[in-house]
Every structure is written in C-alpha cells, then in structure tokens.
Amino acid sequence: MTGTIATRLLTAALVVIGSSMLVFVIMYVLPGDPVLQMLDGNATSPEAIEQVRKQLGLDQPFYVQFLQYFLHLLQGDFGISRIDSSPVLAKILEHVPATLALTLVSATVSILVGTILGVLSAIHRNGFIDMLARFVGLFGISMPTFWTGILLLLLFSIQLGLLPIAGSTGWKSLVLPGITLGLVGAGLIVRMVRNTMLEVISEPYIVTLRAKGLAEQAVMYRHALRNALIPALTVIGVMIGELLSGTVVVETVFARQGIGRILADAIMAKDLPVVQGVVFFTAIIYVLVNFLVDISYSFVDPRIRRSQ
Amino acid sequence: MEKKQTKKWLQSTAITLAAALLLAGCGTDQGQGTSSAQAVSAGSASELTYALATSPDSLDAGASGFAVSHRVFRNIFDSLVSQQKDGTFQPWLATGWKKSEDGKTYTFTLRQDVTFQDGTKFNAEAVKANFDHIYSGGRGQSIALLGPFQSAEVVDEYTIKIILSKPFEPLLSGLSSGFLGISSPKAIQEFGDQYGKHPVGTGPFKFVKWSENDEIVLEKNPDYKWGPPTAENKGPSHLDKLIFKIIPEEATRIGSVQSGQGLAAETVPPQLISALQNDEKLKVDQSITNGTAFSLYFNTKNEPWNDVKARKAVHLAIDVDTIVNTLYLGTYQRAWSPLTPGMLGYDVTLENKLAPDVAKANQYLDELGWKKGADGIREKDGKKLIIRYLEPSPNREKRNDIAAIVQQQLKQIGVQVNLTITKDTNTPISKGEYDIFGNSQVKADPDILTNLLRSDRMFTKGGTNWAQLSDPNIDKLLEQGSSESDPEKRKAIYTKIQQYMIENAIALPIYVFPYTVAHSKSVEGLKFDLLGYPQFYDVQIRN
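- As annotated in an unreviewed UniProt entry, chain B carries the name ABC transporter substrate-binding protein and comes from Brevibacillus choshinensis.
- We quote the UniProt Sequence similarities (unreviewed entry) comment for chain B here in full: "Belongs to the bacterial solute-binding protein 5 family."

### Observations regarding the sheet that holds strand β8 (residues 205-211) of chain B
Residue and element names in this part refer to chain B.
- Taking strand neighbours across the sheet as the criterion, the seven strands line up as β8-β9-β10-β1-β11-β22-β12 in an open arrangement whose pairing is mixed. Lying at the two open borders of the sheet, with one neighbouring strand each, are β8 and β12 (282-288). Between one strand and the next, the sheet's axes are offset by a mean angle of 20°, whatever the strand orientation.
- Pairing between strand β1 (residues 47-52) and strand β11 (residues 264-266): two bridges, direction parallel. Bridge pairing in β11 links Ala51 to Ala265.
- Along the sheet, helix α8 (residues 270-277) contacts β12 and β22 (514-520); its crossing angle with β12, the most-contacted strand, is approximately 135°.

### Regarding helix α7 (residues 145-159) of chain A
- For α7(A), which comprises 15 residues, the first-to-last C-alpha distance of 20 Å matches the rise-based estimate of 21 Å (1.5 Å per residue) to within 8%.
- The sharpest bend along α7(A) comes to roughly 30°, located at Leu153(A).
- Restricting attention to buried positions, one finds in α7(A) the residues Thr145(A), Thr148(A), Gly149(A), Ile150(A), Leu152(A), Leu153(A), Ser157(A) and Ile158(A).
- Where α7(A) is buried, its residues meet α6 (128-142), α8 (172-201) and α10 (216-253) of chain A together with α7 (250-258) of chain B.
- Once α7(A) finishes, Gly161(A) follows within two positions and takes phi at roughly 60°, a positive value.

### Digging into the nonpolar core
- By size, the foremost hydrophobic cluster in this structure holds 103 residues, and its most contacted members are Leu80(B), Phe108(B), Leu110(B), Leu175(B), Ile402(B) and Leu410(B).
- Not counting residues up to four positions away in its chain, the partners in contact with Leu110(B) are Leu80(B), Leu93(B), Ala94(B), Thr95(B), Phe122(B), Asn123(B), Ala124(B), Val127(B), Tyr158(B) and Ile160(B).

### As for the environment of Gln258(B)
- One can find Gln258(B) in helix α7.
- It is 7.7 Å that separates the C-alpha atoms of Gln258(B) and Leu282(B), two residues lying 24 residues apart in sequence.

### Focus on the side chain of Ser295(B)
All names here are of chain B.
- You can see Ser295 is positioned in strand β13 (residues 291-298).
- Accessibility expressed as a relative area gives 0% for Ser295, which makes it buried.
- Here the side chain of Ser295 touches Ala293 through a polar contact of 2.9 Å, landing on its backbone oxygen.
- Apart from the residues lying within four places of it in its own chain, the contact partners of Ser295 are Pro338, Phe437, Gly438, Asn439, Ala507, Leu508, Pro509 and Ile510.

### Quick notes on the packing of aromatic side chains
- Tallied over the full model, the rule gives 28 aromatic pairs over all chains.
- Taking the centre distance of 5.2 Å and the plane angle of 25° together, the rings of Phe294(B) and Tyr511(B) count as stacked. Of the two residues, Phe294(B) is situated in strand β13 and Tyr511(B) in strand β21 (residues 507-512); the sequence distance between them amounts to 217 residues.
- Of the residues examined, Phe294(B) reaches a relative accessible area of 1% and is grouped as buried.
- Residue class for Tyr511(B) comes out buried when judged on its relative accessible area of 0%.
- Here Tyr332(B) and Phe513(B) contribute two aromatic rings whose centre-to-centre distance is 6.1 Å and whose plane-to-plane angle is 75°, an arrangement assigned as edge-to-face. Residue Tyr332(B) is located in the loop between α10 (320-328) and β14 (333-334), and its partner Phe513(B) is located in the loop between β21 and β22; the two are separated by 181 residues in the primary sequence.
- We classify Phe513(B) as buried; its relative accessible area is 12%.
- An aromatic cluster of three or more residues is present, and its members are Phe24(A), Phe62(A), Phe66(A), Tyr69(A) and Phe70(A).
- Sitting over the face of the ring of Trp210(B), Lys197(B) holds its NZ or CZ atom 5.2 Å from the ring centroid.

### Considerations on the pattern of salt bridges
All names here are of chain B.
- Using the criterion set out here, one finds 31 salt bridges over all chains in the structure.
- A salt bridge links Arg396 to Glu397, with the nearest nitrogen and oxygen atoms 3.0 Å apart.
- By relative accessible area, which is 46% here, Arg396 ends up partly exposed.
- Among the ionic pairs, Glu488 bridges to Lys491, the shortest N-O distance being 3.4 Å. You can see Glu488 and its partner Lys491 sitting in helix α16 (residues 487-503), three residues apart, about one turn around the helix.
- For Glu488, a relative accessible area of 51% puts it in the exposed group.
- Salt bridges sharing partners connect three or more residues here, namely Lys166, Arg454, Asp456, Arg457 and Glu479.

How each quantity is defined
- Residues numbered from 1 in each chain as written.
- Chains lettered and ligands numbered in written order.
- Predicted model: local features only at pLDDT ≥ 70, side-chain atom pairs only at ≥ 80, totals over all residues.
- Heavy atoms only, no water.
- UniProt positions renumbered as here; feature names shortened; annotations may be inferred.
- Pairing = 2+ DSSP bridges.
- Helix = DSSP H or I, 4+ residues; strand = E, 2+ residues; numbered from the N terminus.
- Axes fitted to C-alpha atoms, helices over the stretch in contact; angles between N-to-C directions.
- Contact = heavy atoms within 4.5 Å.
- Expected span 1.5 Å × (residues − 1).
- Bend = angle between axes of the 7 residues up to and from the residue.
- Buried < 20%, exposed > 50% of the residue type's maximum accessible area, 1.4 Å probe, protein only.
- Core = buried A, V, L, I, M, F, W, Y, C linked by side-chain atoms within 4.5 Å.
- Polar contact = N/O pair within 3.5 Å; in protein donor to acceptor, adjacent residues only side chain to side chain.
- Phe/Tyr/Trp six-rings, centres within 6.5 Å; stacked < 30°, edge-to-face > 60°.
- Lys NZ or Arg CZ within 6 Å of the ring centre and 35° of its normal.
- Salt bridge = Lys/Arg side-chain N within 4 Å of Asp/Glu carboxyl O.

Have a look at this one:
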C-alpha cells in the first residue's frame, strides 16, 4: 500500500509540473504581447516598453523564464497579477473556497442523482422510471450549463423567488449553481451505472444469489450495485475535472466568485502569473481527487485490496 | 416473486418520493426565509444594491480609466468643482477660484470644514499630494484630464495654485470629474500600490470591502455635509449602505431586479427595455452619456485606406440607420457627429447629412482602379481589397454585431472585411495592424478630440489617435480649442474639426450610448451627472 502511495505521489508531482509547463508553453506561443497589453497605450517610447519587458524578465529566453517561474513557485511566490498588481496567491486563496464549495455540491448532486437514477433505471428497464432517468441523463449531458443555469434562474429565482439569483454568500447561493453543474455529471453517471448494473444483473452469480433465496434488495444493493460502482468511480474521478472546468461558465451566469472566472479573465488578458497559479492549484486538486478515487476502489472491491 | 418484487420497488420508490417531498419542503421553508429577508431589506429602506455589468480595475481615482470604476468611486471621492448640466461650474470642495490673465494659473480657495473618512484634514497639502500621486504613477484618464499641468503650489493652508505650461480651458471640467476626485494623502501613503483596493476620500460613502468579482460594499459617511451644489441633500446620505454587485451575465443582472433581490441594475439590453417598462414594479431610466459617440475610426496610414476616396467609398456603403435600428430596436439614438449631442460645440448641421449611396461608393472604387474579381471582391495589381476590422471582445453593446453587419454591407461593393475580435486589441493597435477600429469615450469637454486626433497622441505614445492622423491644421485647431476661453469661439473651432472628420471620412459615427438603469419604483431620486453616470447621494428608498 505504501509503495502504491509513493508511486502515486510521484506521478502526481509529475502531472502538476507537466501541466504548469504546458500552460507556460501555450501562453508563450499565443499571439499578443503581454507588455503592450499591460501598458494600455501608456508607453511613451519603445525604450520604455523594453524597460518593462526587462523588469518582468520577459526579455529572457523561454527556458530561463520557465525555470525562474518554477523556482519562485517552489518558494511559495506565485508572482503579481499583471492586471491589478495584486499578489496571485492572495487572489487565488480569495477565490478557491467558492469554487471548491461549488465543485463539492455539484459532485454530490451528480453522484446522488446519477447513482439513484442509474440503479432505478436498470431495475425498471424499459419502464417509465427508466425512460425518465434516461431523459434526465441525456438532458444533463446535452444541455449547455449556460442554458440550464438561466432556465433554473428564471424558474426558481425570478418566477418563484425561492433562491438568490447571484452571489457567493450563504448555502442558498450554492443550490442553483450546484444543480446546474451537477446535472452534467449526473448525466454521465446515470448512463454508466445503468449499463453496468444491467450487465451485472445478468451475471451468473446474481442468478445464484437469487436462487439461494436472498432478498431482492440485498441482491441489488449489497452485491449488484457494489460491482457496478467500480466503473462509475472512474467516471467520477474524470467528472471532477469536468466540473472544475464547468465552473467558468456557471460562475459567470450566477455571478459567483471563483477561480474559473479569474482564470478566464486572466487568459484573455494574458496575465501569465494568474493563469499559472490557477492551473497549478487546479492540477493539485485534480490529482488529489484521482488519488482518492484510486484508494476508494479498494474499499469497494476486496480483490483490489488483496492484490495490493 | 414478480409481484413481491414490484411491491418492494414500489415501497422504495415511495420512500424516495417522500424524501424528495421532504427536500422540497425544505425548499419551501427556504423560500419563506428569502422572502422574509426581502421584506426586511425593503423595510429597513436604507440599503441599495446596484448590479454592475463589469468589474472596476481599481478604485484609485488617479489610476483607473474605466467608466465602471468611476460609477463606484464617485461616491467615495469629491471634486474641487462641480460642472452643471449647462456646462458652467460651481464650487464644491473649492469655495472659489481665480484664473490668471494669461490663463496659465488657477488659484483655488478651499473649504475649511472638510475631513477625509479616515479623519485626516482636507487642505491644500492634501490636494497637492493628490496631484503628485497622479503624476508619479498615474494611469487611466487622470493625467490626460490635467492637460499641460506643470505643478501645484500650496499658498497657505486652504489655498492652492495650479500652474499650467499653457492655457488649458478644459481644466475645470477635468477637475469636476471623479477621475480627479481627491484622496486622503495618508491612505495613499499607507496602502502604496494597493491603494486602489482601499480608497479613502471625503465623499458621502466610505469604502468597506471589495470581494473581487462579487461585490463592493460602501457605507454612509455620517459626517458628510459638503455635497455638490447639484444635490438636494445637504447632510449625510439617506442610504446606510450602497452595495455594488458585479453580475456580468445580462439575464442574471436584469433578473436580480425583476425578482426584487436587487433594487437596480445597469445596462439593460435593448430587447428588454420595453418589457421592463411595462413592469409595474420597475422603472427604466436612460441617460445620454457625453463624450464621443461610438464611431468607426479609419486608420489613415495604411494603404489603400490612406486615400480619402477609398475611405469615403466605405462610408457611403455602410447603412448606419439599418445597423442601429436592427440591433437596438429604436432604443439607441443614431450618431451623426463623433461628438455626442450634449457636448459644447456639437455640430447640429451634420445631422441627416450622410446618406448611404452604394452606386457612388462603387464608382469611387472603380475610379481608383479596383476591379471586381471572380469572387466579387475587388482587386488591383493582383491584390484584394481588404479591410482589417479590429473589435474588442466581449461583445459590449452588440459592437461585434455591428462589425458583422458592416462585413455584409461592404461585400456589396466588393470589399472583403477581415474581422478580428479579441480582448487584446493593444497589440494590433501598437503595431498598426488594423484599418478600422471602433471606440467611444466619456468626457464632458470637446477637448476629448485632442487625444483622438492630435499627431503626438498616437497609441504608442499614450494617446488614442486610432486614425493615426497627423495633420498640422488639425493640430493647430485643437490647440486653439483647448486654450480659447470665449465659448462661442470654442464652438466654432470644434464645429470645424467635426466637419473635417466627416468630410475626410476619418470617423463614421454609429450610435450615442444611452446609459440605462432598471430599478424598483421604490428607489427615488436617482440622478445622472453630465457624463451620464448615476448619482446616489440623493437616493431614498420608499416602500
């Protein structure tokens, strides 16, 4: 087990470094000059522009820039935003809680709705509930979050006045964005759980269990669902990544704080230190989630535990 | 077996449904919670939530160039003078002023009963510190508003002299703007380059907090009693709190007012204006902004658009009326001059002068030797006739849609429009890689044209001469316009410049931007200043 964890941590570090590097390269080759953009026409001469370039170290070759950036990062120095000259780390720390809360709520919505509907759908194959569950699944996957978000706002905030329309304070402000984003993941999980449940149900050991007279609910929940969950877990890991990227849109529609929104702004303005900082954080979260998913396999499936 | 199974599942489904109902029950509870919260906020009648479409970049008056920043920090900062709707000036933080014979020195006497929100005394030293701050790290509009500013001198504790290197008539107008609002020198010192996140002024509202991308909270300054002469209120604000919520998504922003969760929201999209006007709980206010109308500026440096005939052909082929009517459904006014109608020297004779004429446009291009090729695009010496049209993103006020319509309209005369929509317009502008650039600006004095047209105001030198114009005659006129103190003579000068801009197809005016606010009818006393920005000092909330 410790060996596995060590390998995992090493891969995690590689993923974080790799994604940082990738973003650095992409931002580097994208058209547009960050210095000209920063100066907003306030440069008095080409010399002044060069001066700023020097100050920011942008006159250095690519690899020097990257190394310097990375060394600073290791010392906990994320740099200064080029848009509003505030420290990047403070900016991220201000926005991270809102995004994490949103991701957590949407993941819970996805997993709960997805698993429940998936199981019901498999059990009532081709019945009304199955149709309903499949509809929800399809809706979740195919509707743009932007659209779902506005529909929910129209109904629950504007028409019924039940929930706050915008902002990031209080748990109520999390309900609609959480559902909006959660439906995407729910769509994926419904399909996954339904399909694997259907496969598992027709396995010989289920037939054996039934023949032995085990209660139907015990067959379904203790045996069938447990086996059906393993592939679903993998989907959940991937889904968290999707949720993180989905926050960009949802945070804008619901006017929430969040790293998704500052990331989008920073990319547009070529604010490299902020982009890097956010990617670094996101990569860590992503790696962490996948690590947890891997560990949880062994709880669901004893065979994996034993093999370790 | 089958039957039993169904029963079991029915049971569990029933349990699930019951759970769902319970959850829904929580939902209703929650709803009551919200509506009682609404009742409270309406009952206390002293908190105004105002939804902004974009976020300020900085609340340091001397360092921001954004209209949205001004809307927020105007409440925190007062100005030395106040500009009236008729263009004249009245005292504010300055009780009076004297202009020297040569027009190069202004002496202001200051109020003696004013303190900053941090308790510091307002005096001549404080005013001087502000000008020094602007000059040391000034970005945005403040430096431009000060024109040929040379130095500020403290004469005595409540008298300050502003010395210019040459006469500059727009000075008072600049000093009346929030961009030259007076900050506490102590706060500037204390917060250094983070001052923009901790502004302190003498205004009716104190800064409380700024949660980025979420909200900016201001609260009443209880000691305030030196409001501008335009206001009815003579004491502290009627509002205890003023909260600016940043809600970029249009439907959400307007929805916040429709649902009663916010009391006012800015920038109502044209298609929603009439719907909101019919809502009996709401009111829509429109205020024409002053400055330059949204206009398309031609880069006069690049071939073949350095030829006035080529530019004119494009002007004749663009049907501005169709654009404005299609996109804004009669809620925006069409512009005829690069200056807005409320501006000193606005040339009324330009109205209805320019009419689209595709035949003539074609004729001009034929005369220049551009012949239509097989694909309908004109060619000359093997080169296609292309306009590089540069537009900032996001699609503010449907400006990207204007570009798309222009693209279609110019196709008719065989001009290919290559559209670049980007957030980073600075790079292509610095490099001159554009032929058309659309822009509008806010300022209450026609001297705004200096920054747009004078030969030393190219973009790379801190100006906004998108047209890359360098015409000694225009330079001279702009110079006269800024130093002339007789209003009638000033008007004549700016009339000449506007006519030159249209006749030489330097700029094609498209629309005059109306600043729109949808607010609950309980919000009373919302006014707009000369720039078209909202003023909250007189606002009261009634049930």
